[in-house]
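Notes for the structure review
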Amino acid sequence: MALFLSDLYKETKEKYELSLIAGENGLHRELSWVYVAEDQANSSFLRPGELIISTGALYDHTEKWLIHFIRLLIEKQTCGLILNIGKHILQTDITPSVLAFCEEHRFPLFVMPWHIHIYDITRDYYHRIFLESRSENGIDFYQLLENVNDSSILTRFVEQKLSPVLEYDRKHNSNFSDTLFLYLKYWGSIRDVAAESYCHRNTIANRLRILKEELGFNLEDPSRRFELMTAYMILEFNKLQRKT
């Protein structure tokens, strides 16, 4: 079965205080992924079926800007937009013309209050997408993991690849592991990592320096990045296993 935006909204609207304010006729769209986007210059990264989340960090507080942004998302065939309002963009910035534009194009537009962390909702939605892909695909990565007879092998792999950053976080009560995951997810885009982390780019750049120089992560080698992402996927797999 496919994962539809209507089902996702129904199941999570209370948890994340989501409000659908326009484009209800487009809720039947199928969801393929979740992407945090702030800069229109990054439109080449957008893919059909993606649900876009934005804080409006680069919003210039003009109606024209927001309509242009939404038009771009429609052209890229994304399935909807969640605006994280309360800091950079306010409810009053979403004018009747913006709502009418979304209604005309049947493009679902949601708002979510600022105190809801984007990191929480994206990780939740990733889990749901992974679970859905397991039910509709043939053999996927998680099914391969399920058929590993000795689960200690997976545990040792995670420890071997991620123990430096996990131990660092435990010792310093930090979240460098999240930074590393987002860096891998966004293919090294400090701008995107900063946007999803609510951090300044300089903060992310400094964290990456520590990850590379002090913790010894080789982030320039594609094979090492693949191993690290595999380790994170095993962590997510283990979390899902504990929930089921």
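Refer to the structure printed above.
In this report, we go over the structure that sits alongside the text. Throughout this document, residue positions are counted from 1 along each chain, in the order its sequence is written. In keeping with the model being predicted, local features are shown solely for residues with a pLDDT of at least 70 and side-chain atom pairs are shown and tallied solely at 80 or more, while totals for entire chains, interfaces and linings include all residues. The basis for every side-chain value is the complete set of heavy atoms in the structure, and neither hydrogens nor water enter the calculation.

Digging into the side chain of Asp 124
Worth spelling out the cut-off: Numbering of helices and strands runs from the N terminus; a helix is a DSSP stretch of H or I covering at least four residues, while a strand is a stretch of E covering at least two. By the convention used here, residues are in contact when the closest approach between their heavy atoms is within 4.5 Å.
Assignment of secondary structure puts Asp 124 in helix α4 (residues 118-136). Beyond its immediate stretch of four places on either side in the chain, Asp 124 contacts Thr 12, Lys 15 and Tyr 16.

Remarks on the sheet that holds strand β1 (residues 19-22)
We apply this condition: When DSSP locates at least two bridges between a pair of strands, those strands are taken to pair. Axis definition: a line fit to C-alpha positions, over the contact stretch in the case of helices; interaxial angles, taken between N-to-C directions, run 0 to 180 degrees.
Strand order in the open sheet formed by 5 strands is β1-β5-β4-β3-β2, and the pairing between neighbours is mixed. This sheet does not close on itself; its edge strands, each paired only once, are β1 and β2 (33-36). Taking the axes of each pair of neighbouring strands and ignoring which way they run, one obtains an average angle of 25° across the sheet. Bridge analysis of strand β3 (residues 50-54) against strand β4 (residues 80-85) gives 4 bridges, and the strand direction is parallel. By the bridge assignment, Ile 52 is partnered in β4 with Leu 81. With respect to the sheet, helix α2 (residues 63-75) is in contact with β3 and β4, its orientation differing from that of β4 by roughly 145°.

Side note on the packing of aromatic side chains
What counts is decided by this rule: By convention, a stacked pair of Phe, Tyr or Trp rings (six-membered ring in the case of Trp) has centres within 6.5 Å and planes under 30 degrees apart, an edge-to-face pair has planes over 60 apart, and any other such pair is tilted. Accessibility here uses a 1.4 Å probe with only protein chains present; expressed as a share of the type maximum, an area under 20% marks a residue as buried, one over 50% as exposed, and anything in between as partly exposed. Working rule: Lys NZ or Arg CZ, within 6 Å of ring centre, within 35 degrees of ring normal, means a charge sits over the ring.
According to the stated counting rule, one finds 7 aromatic pairs in the structure shown. When the centroid spacing of 5.2 Å and the interplanar angle of 50° are considered together, the rings of Tyr 9 and Phe 110 count as tilted. Of the two residues, Tyr 9 is situated in helix α1 (residues 5-12) and Phe 110 in strand β5 (residues 109-113); the sequence distance between them amounts to 101 residues. We classify Tyr 9 as buried; its relative accessible area is 15%. With a relative accessible area of 2%, Phe 110 lands in the buried category. When the ring centre of Phe 181 is taken as origin, the NZ or CZ atom of Arg 123, which lies over that ring, is 4.8 Å away.

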